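Remarks on the overall topology
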Amino acid sequence: MSVKIEESWKEVLKDEFEKEYFQRLIGFVRQEYGKHRIYPPGRLIFNAFDQCPFDKTKVVIIGQDPYHGVGQAHGLCFSVNDGVAFPPSLVNIFKEIKSDIGVDAPNTGNLERWSQQGVLLLNATLTVRAHQAGSHQNKGWEQFTDAVIAKLSAQSNNLVFILWGSYAQRKGAQIDTSRHLVLKSPHPSPFSADRGFFGNKHFSKTNEYLAKVGKAPIQW
């Protein structure tokens with residue numbers, strides 16, 4: 001099956017694209033786009049991969065579902081399109097960055113600038129029906145993104161995996177901690193940020209580790 005995705009990822013994931021579950025998943029997704037309003041736009045389903053090639057990946061942040069409101073999702077977890085109001089979790093992410101490393105919140109919630117520095121902003125599920133959170137869960141995306149994490153863990157060295165909340169931590173359970181740094185805390189959602197997301201210092205810890213292994217730090 002030919003999938004429109006950045007070339008280094010296409011090579012790494014070529015066996016996954018041929019598996020039966022993935023072919024069923026793509027059939028489901030095509031049907032959904034034909035019948036319903038689905039986010040992100042079809043051309044941006046694999047935007048996280050297109051913005052951050054496999055061999056350039058230094059940091060992986062794991063989210064759950066795309067945003068399901070109008071104009072928000074563009075294929076990067078926690079990120080929204082330019083001009084869109086910051087969702088609450090993103091507000092809290094920027095607060096922690098300010099507290100941790102002193103960088104003020106930007107004018108846009110578009111995190112492509114992180115992706116282009118090697119931060120893979122990976123949702124577990126890559127599509128969703130408008131206004132129906134979780135509507136594309138358990139259709140195969142989770143198996144696909146588990147495979148992505150497994151490939152990164154096995155075929156790369158000295159990555160930083162950032163796991164916010166119990167869902168991301170379960171999804172990251174397979175990561176080889178002898179080869180990579182895994183940072184865990186509660187989720188930045190307003191429901192949990194005060195329980196340990198604030199003060200986690202994940203942004204400075206990431207950059208300290210990257211410097212230690214000879215990689216350029218991220219301009220958060």
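As a starting point, this report considers the structure included with it. (Residues numbered from 1 in each chain as written. Predicted model: local features only at pLDDT ≥ 70, side-chain atom pairs only at ≥ 80, totals over all residues. Heavy atoms only, no water.)

So, the environment of K201
Put simply, the rule is: Helix numbering and strand numbering both begin at the N terminus, where a helix is a DSSP run of H or I of at least 4 residues and a strand a DSSP run of E of at least 2. Contact criterion: two residues are considered in contact whenever any of their non-hydrogen atoms come within 4.5 Å of each other.
Along the chain, K201 turns up in the loop between β6 (181-185) and α9 (202-212). Setting aside residues no more than four positions away along its own chain, K201 makes contact with E96 and D100.

Side note on the nonpolar core
Counted only if it meets this: Only buried Ala, Val, Leu, Ile, Met, Phe, Trp, Tyr and Cys residues count toward a nonpolar core, and they belong to the same one when joined by side-chain atoms within 4.5 Å. Exposed residues in this analysis have more than 50% of their type's maximum accessible area, buried residues have under 20%, and partly exposed residues fall in between, with area computed by a 1.4 Å probe over protein chains only.
Counting residues in hydrophobic clusters, the biggest one holds 63 residues, and the most contacted among them are F22, F46, F49, I61, W114, L120 and F144. The element contributing the most residues to this core is helix α3 (residues 20-35), with six residues. Residues within four places of W114 in sequence aside, it is in contact with I61, I93, F94, I97, V119, L121, F203, Q219 and W220.

Notes on the pairing of strand β5 (residues 160-164)
Under the convention used in this document: The pairing criterion for strands is at least two bridges between them, as found by DSSP. The crossover handedness rule: strands pointing away from the viewer, path from first strand over the helix to second strand clockwise, crossover right-handed.
Most of β5 sits out of view: five of its five residues are buried. In β5, alternate side chains face the same way, and those of V160, I162 and W164 on one face and F161 and L163 on the other are all buried. Judged from the four bridges that link them, strand β2 (residues 59-63) and β5 form a sheet pairing that is parallel. Residue pairing for β5: V59 is matched across the bridge by V160. Across five bridges, the pairing between β5 and β6 is parallel. Each bridged residue has a counterpart across the sheet, and for W164 the counterpart in β6 is S185. You can see the chain leave β5, run along helix α8 (residues 165-171) and come back into β6, and the turn it takes is right-handed.

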